[in-house]
Every structure is written in C-alpha cells, then in structure tokens.
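If you want the building blocks of each chain, they are given just below.
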Amino acid sequence: RDPLLTIIASQTYELRAFVPSALLSTLKEGDGFSFVSNETSNIFEGKIIAMGARIDNVSRLIELRGSIEPNQQPIVPGMSGRLVFQTAGVSASE
C-alpha cells in the first residue's frame, strides 16, 4: 500500500518513482518521460536524473528520480499518477 510515485519537491519539481527492475535495460539517466497526474489529469514532461542502486528483493522494483520541467500547471507534493517513458514505450502507474 506504499505509493510507487511521490512528488518530493514543489520548487525544484523533482519526483521519485518505483519502477519494475526489468526497465533497467531500457532506461538511463537523461531519458525523457511524461507524468500524467491522477488528481488533475495534467501532463508534465521530465527527464530521469538518477536510478537507484538497489533492487527490492520482494517487489523487484527500483527507485527512479526525475526532474519535471516547470510549466503553468499546478503541481503539489504527494500527487500520484502514471509515468510514460519515451524511450521504452512503456508506462508505470502510481
């Protein structure tokens, strides 16, 4: 029941998500993504800034950190949503 994706800063627009470790072979720092907010349905564009160094043994998830480009749409810490990775052609939800 822990969130898989969390907005951790509202001024630097940084997010933290937990994605399947199988995506390690297709994702890398600098890759782009779209974040679709569950609360507002707004779409935010961003880039991966760091990948975690440890895979969770039970869930097989790895932490991903990303930066979101600022725009005129409101963004609030704690938002949840869906990530769509541009290079992998896959998505990860909340």
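This section reports on the structure supplied with the text. What you see is a predicted model; the values in this text were computed from it and never measured. (Residues numbered from 1 in each chain as written. Predicted model: local features only at pLDDT ≥ 70, side-chain atom pairs only at ≥ 80, totals over all residues. Heavy atoms only, no water.)

Note on strand geometry: in a regular strand, side chains alternate between the two faces of the sheet. Relative to strand β4 (residues 43-55), strand β3 (residues 32-37) runs antiparallel, the two sharing five bridges. Paired with Phe 35 across the strands is Phe 44, a residue of β4. Counting the residues in the hairpin turn of β3 and β4 gives five residues, including Ser 41, whose phi is positive at 65 degrees. Where β4 lies against strand β5 (residues 61-68), six bridges are found, and the strand directions are antiparallel. Within the sheet, the bridge partner assigned to Lys 47 lies in β5 and is Ser 67. From the end of β4 to the start of β5, which pair antiparallel, there are five residues, and Arg 60 there has a positive phi angle of about 60 degrees. (Pairing = 2+ DSSP bridges. Helix = DSSP H or I, 4+ residues; strand = E, 2+ residues; numbered from the N terminus.)

Once that is clear, we can look at the pattern of salt bridges. For the structure on display, the rule yields three salt bridges. One salt bridge connects Arg 65 with Glu 14, and the closest N-O pair in it is separated by 3.1 Å. In this pair, Arg 65 is assigned in strand β5 and Glu 14 in strand β2 (residues 14-20), connecting sequence segments 51 residues apart. Classification of Arg 65 as partly exposed rests on a relative accessible area of 32%. Notably, a salt bridge pairs Arg 16 with Glu 63, separated by 3.7 Å at the nearest N-O pair. Taken together, the residues Arg 16 in strand β2 and Glu 63 in strand β5 connect sequence positions 47 residues apart. (Salt bridge = Lys/Arg side-chain N within 4 Å of Asp/Glu carboxyl O. Buried < 20%, exposed > 50% of the residue type's maximum accessible area, 1.4 Å probe, protein only.)

Our next topic: the environment of Thr 40. Structurally, Thr 40 is set in the loop between β3 and β4. The exposure class assigned to Thr 40 is partly exposed, which follows from its relative accessible area of 35%. C-alpha separation for the pair Thr 40 and Pro 74, spaced 34 residues apart in sequence, amounts to 8.7 Å.

Before going further, it helps to spend a moment on the nonpolar core. Proteins that are soluble and globular tend to have nonpolar side chains buried together. Ranked by internal contacts, the top residues of the largest apolar core, which has 18 residues, are Leu 15, Phe 35, Leu 64, Leu 83 and Phe 85. Listed by contribution, the elements that provide at least two residues to this core are β2, β3, β4, β5 and β6 (81-85). (Core = buried A, V, L, I, M, F, W, Y, C linked by side-chain atoms within 4.5 Å.)

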